[in-house]
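Now for the letters of each chain:
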Amino acid sequence: MAQEGGCLCGAVRYRVRAPLSPVLLCHCSQCRRWHGHVGAWTSAPRAAVTITGEAALAWYESSPGVLRGFCSGCGSSLFRQRTGGAELGIAAGTLDAPTGLATAAHIWVDSRGDYYGIADRLPQHPEAPPRPRAAGRRLP
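Presented here is a report on the structure given in the accompanying data block. (Residues numbered from 1 in each chain as written. Predicted model: local features only at pLDDT ≥ 70, side-chain atom pairs only at ≥ 80, totals over all residues. Heavy atoms only, no water.)

1. Concerning the overall build of the protein chain
- When helices and strands are tallied, the protein chain shows one helix and 12 strands.
- Reading the helices (α) and strands (β) of the protein chain from amino to carboxyl end gives β-β-β-α-β-β-β-β-β-β-β-β-β.
- For 140 residues, the compact-globule estimate of 2.2 N^0.38 gives 14 Å, and the protein chain sits close to it at 14 Å.
- With respect to the principal axes defined by its C-alpha atoms, the protein chain has extents near 35 × 30 × 30 Å.
- A fraction of 55% describes how many contacts in the protein chain between residues 6 or more apart in sequence connect residues 24 or more apart.
- By element, 53% of the accessible surface of the protein chain is carried by carbon and sulfur atoms, the whole surface being about 7,400 Å². (Helix = DSSP H or I, 4+ residues; strand = E, 2+ residues; numbered from the N terminus. Rg over C-alpha atoms; globule rule 2.2 N^0.38 Å. Contact = heavy atoms within 4.5 Å. Areas by Shrake-Rupley, 256 points an atom, 1.4 Å probe, with all protein chains shown as cover.)

What follows is the structure in structure tokens.
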């Protein structure tokens with residue numbers, strides 16, 4: 001089953017024709033600045049994602065070799081990918097409901113903001129998580 005999503009204004013839409021990875025909640029300073037709070041990420045093979053409205057899609061290199069895609073019209077944070085990487089990170093909040101996804105863990109918790117706590121019982125990783133596989137591939 002394909003999943004779809006897009007930005008706030010609708011200028012950028014995407015369709016994913018592969019299973020999505022479980023959601024990771026990233027507390028790093030870049031994700032918090034990018035999303036305005038915790039980043040919720042899923043991923044899929046880049047080859048399985050079709051993007052429409054690419055003229056409105058802009059990319060920012062947030063650190064060497066890491067690109068973040070956003071809508072140049074409304075500013076919605078949409079994607080994250082490594083230069084030349086086969087996986088595309090997808091901001092989980094941009095998916096159309098129902099997603100059928102579940103959150104697997106918190107990552108980069110040692111960098112979390114000082115204005116909130118983490119109250120659930122999901123695994124917490126101080127930095128990047130161990131690299132588990134979902135549907136035979138790496139998580140974002």
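2. Comments concerning the pattern of salt bridges
- This model, assessed by the stated rule, comprises three salt bridges.
- Of the charged contacts in the structure, one is a salt bridge between R13 and E4, with a shortest N-O distance of 3.6 Å.
- The salt bridge involving R13 is made with D96; its shortest N-O contact spans 2.6 Å. Here R13 is found in strand β2 (residues 13–16), whereas its partner D96 is found in the loop between β9 (87–91) and β10 (103–107), with 83 residues between them in sequence.
- A relative accessible area of 27% means that R13 is categorised as partly exposed.
- One network of salt bridges, in which partners are shared, links E4, R13, R15 and D96. (Salt bridge = Lys/Arg side-chain N within 4 Å of Asp/Glu carboxyl O. Buried < 20%, exposed > 50% of the residue type's maximum accessible area, 1.4 Å probe, protein only.)

3. Considerations on the sheet that holds β2
- Taken in spatial order, the three strands make up an open sheet running β1-β2-β5, and their pairing is antiparallel. The open sheet has two edge strands, β1 (3–6) and β5 (49–52), and neither has a second partner. The mean angle between the axes of side-by-side strands here comes to 20°, regardless of whether they run parallel or antiparallel. (Pairing = 2+ DSSP bridges. Axes fitted to C-alpha atoms, helices over the stretch in contact; angles between N-to-C directions.)

4. Notes on the packing of aromatic side chains
- According to the stated counting rule, one finds four aromatic pairs in the structure shown.
- Between the aromatic rings of Y115 and Y116, the centroid separation amounts to 4.8 Å while the plane-to-plane angle is 65°, which identifies the pairing as edge-to-face.
- By relative accessible area, Y116 is classed as buried at 14%. (Phe/Tyr/Trp six-rings, centres within 6.5 Å; stacked < 30°, edge-to-face > 60°.)

5. Notes on the pairing of strand β7 (residues 66–71)
- Two strands pair when backbone bridges link them, and strand β6 (residues 57–63) and β7 are joined in this way by six bridges, in the antiparallel orientation. If you follow W59 over to β7, its bridge partner there is G69.
- Between β6 and β7, which pair antiparallel one after the other, the connecting turn spans two residues, and G65 there sits at a positive phi close to 80°.
- Relative to strand β8 (residues 77–82), β7 is paired through five bridges, and the arrangement is antiparallel. Residue pairing for β8: F70 is matched across the bridge by S77.

6. Focus on the pairing of β5
- The alternating pattern of β5 places V49 and I51 on a buried face and T50 and T52 on a face that is not buried.
- As paired elements, β2 and β5 share four bridges and run antiparallel to each other. Opposite Y14, over in β5, you have I51 as the bridge partner.

7. As for the side chain of R68
- With respect to the helices and strands, R68 occurs in strand β7.
- Here R68 occupies a buried position and makes no salt bridge, while the nearest side chain of opposite charge, E61, is found at 11 Å.
- Among the polar contacts listed, one links the side chain of R68 to the side chain of S62, at a separation of 3.0 Å.
- Discounting residues that sit within four places of it in the chain, R68 has contacts with Q30, C31, W34, W41, A58, W59, Y60, S62, F79 and R80. (Lys, Arg positive; Asp, Glu negative; His and termini not counted. Polar contact = N/O pair within 3.5 Å; in protein donor to acceptor, adjacent residues only side chain to side chain.)

Just geometry here; none of it tells us what the structure is for.
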